Amino acid sequence: MDLEQMPSFLLNHIVHQYHQTLQSRLKSVGVSTLKMRIIISLKIYGRLTVNELCGYAIAEQPTMSRALDSLETQKLVDRQISLEDSRLRVVSLTPAGQRVFDKIHPEISRVNDSMMEGLGAAEQRAFLGALRRVLANLRTL
């Protein structure tokens, strides 16, 4: 058995290396990879419920709650009761959270660009399409 031929092995190593690289580059901002994913998700999608954030930022509910507690203490996010359903909490970025996004976004873009270095535009589209298909396949299991 060759681990390098197993997609799951390669994907896990890619994600691990990506997180290590970003953590070292974003250390001065004081944002963990989970908090980074939360901030990015809120920037892209706007106000989200905690459950929606769990899906986008890839975290289980208890872990998400702790991360949101910390982000709220840092005044980077705001949680409010949903106007549509009082049982739900809706999370949004604060102006301070937006400033953190503005600090981390350039570095995230640089790392993503570096990941794709050496691949032409058609290869990049094909690669991203293949990754989307793999994710869709996994979601049907």
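Residues numbered from 1 in each chain as written. Predicted model: local features only at pLDDT ≥ 70, side-chain atom pairs only at ≥ 80, totals over all residues. Heavy atoms only, no water.

K.L.:
How do you make sense of the pattern of salt bridges when you look at a structure like this?
P.N.:
Close approach of charged atoms allows side chains with opposite charge to pair. Applying the stated criterion across every chain, the model contains five salt bridges. Between Arg79 and Asp69 there is a salt bridge, and its shortest N-O distance comes to 2.4 Å. Taken together, the positions of Arg79 in strand β2 (residues 77–81) and Asp69 in helix α4 (residues 61–73) put the pair ten residues apart, joining distant regions of the chain. Residue classification places Arg79 among the partly exposed residues on the basis of a relative accessible area of 21%. (Salt bridge = Lys/Arg side-chain N within 4 Å of Asp/Glu carboxyl O. Helix = DSSP H or I, 4+ residues; strand = E, 2+ residues; numbered from the N terminus. Buried < 20%, exposed > 50% of the residue type's maximum accessible area, 1.4 Å probe, protein only.)

K.L.:
Any chance you could explain a nonpolar patch on the surface here in plain terms?
P.N.:
Together, Leu10, Leu11, Ile14, Met115, Leu119, Phe127, Leu128, Leu131, Val134, Leu138 and Leu141 make up an exposed nonpolar region whose accessible area comes to about 930 Å². Elements with a contribution of two residues or more to the nonpolar patch: α1 (7–26) and α6 (121–139). The greatest single-element share of the nonpolar patch, amounting to five residues, is contributed by α6. With respect to the secondary-structure elements, Val134 resides in helix α6. Accessibility expressed as a relative area gives 37% for Val134, which makes it partly exposed. (Patch = residues over 30% accessible without salt bridge, like charges linked within 9 Å, V, L, I, M, F, W, Y side chains within 5 Å. Areas by Shrake-Rupley, 256 points an atom, 1.4 Å probe, with all protein chains shown as cover.)

K.L.:
For this particular structure, what's the right way to read the packing of helix α2 (residues 33–45) against helix α3 (residues 50–57)?
P.N.:
Any two packed helices are characterised by how steeply their axes cross, that is the angle between the axes, and by the distance between the axes. In contact at an axis separation of 9 Å, α2 and α3 are set at 115° when each is read in the N-to-C sense. As the angle between them shows, α2 and α3 are arranged roughly perpendicular. You can see that α2 and α3 cross each other, and the crossing is right-handed. Taken together, the residues of α3 that come into contact with α2 (itself represented by Leu34, Arg37, Ile38, Ser41, Leu42 and Tyr45) are Leu53, Tyr56 and Ala57. A per-class count over the contact of α2 with α3 returns seven nonpolar, one polar and one charged. (Axes fitted to C-alpha atoms, helices over the stretch in contact; angles between N-to-C directions. Parallel < 35°, antiparallel > 145°, perpendicular 65-115°, else oblique. Left-handed = near helix turned anticlockwise from the far one by under 90°. Contact = heavy atoms within 4.5 Å. Nonpolar A, V, L, I, M, F, W, Y, C, P; charged D, E, K, R; others polar.)

K.L.:
Sorry if this is basic, but what is going on with the sheet that holds strand β3 (residues 89–93) here?
P.N.:
The pairing of strands in a sheet happens through backbone hydrogen bonds and is either parallel or antiparallel. Judged by pairing direction, the sheet is antiparallel, and its three strands sit side by side in the order β1-β3-β2 without closing on themselves. The open sheet terminates on both sides in strands that have one partner only, identified here as β1 (48–49) and β2. Sheet topology places β2 next to β3; five bridges connect them, and they run antiparallel. Bridged to Val77 within β3 is Leu93. Here α4 sits on the sheet and contacts β2 and β3; the angle it forms with β2, its principal contact strand, is near 115°. (Pairing = 2+ DSSP bridges.)

K.L.:
Help me understand the packing of aromatic side chains in this model?
P.N.:
To describe a pair of aromatic rings, you give the distance between the ring centres and the angle between the ring planes. Under the definition given, this model contains one aromatic pair. Between Tyr45 and Tyr56, the ring centres sit 4.1 Å apart and the planes meet at 15°, which makes this aromatic pair stacked. In this pair, Tyr45 is assigned in helix α2 and Tyr56 in helix α3, connecting sequence segments eleven residues apart. (Phe/Tyr/Trp six-rings, centres within 6.5 Å; stacked < 30°, edge-to-face > 60°.)

K.L.:
Help me understand the environment of Arg79, please; the structure alone is not making it clear to me.
P.N.:
Along the primary structure Arg79 and Leu48 are separated by 31 residues, whereas in three dimensions their C-alpha atoms are 9.5 Å apart. With sequence-adjacent residues up to four places away left out, Arg79 is seen in contact with Ser65, Leu68, Asp69, Glu72, Val90 and Val91. A polar atom in the side chain of Arg79 sits 2.4 Å from the side chain of Asp69. Separated by 2.9 Å, the side chains of Arg79 and Glu72 make a polar contact. (Polar contact = N/O pair within 3.5 Å; in protein donor to acceptor, adjacent residues only side chain to side chain.)

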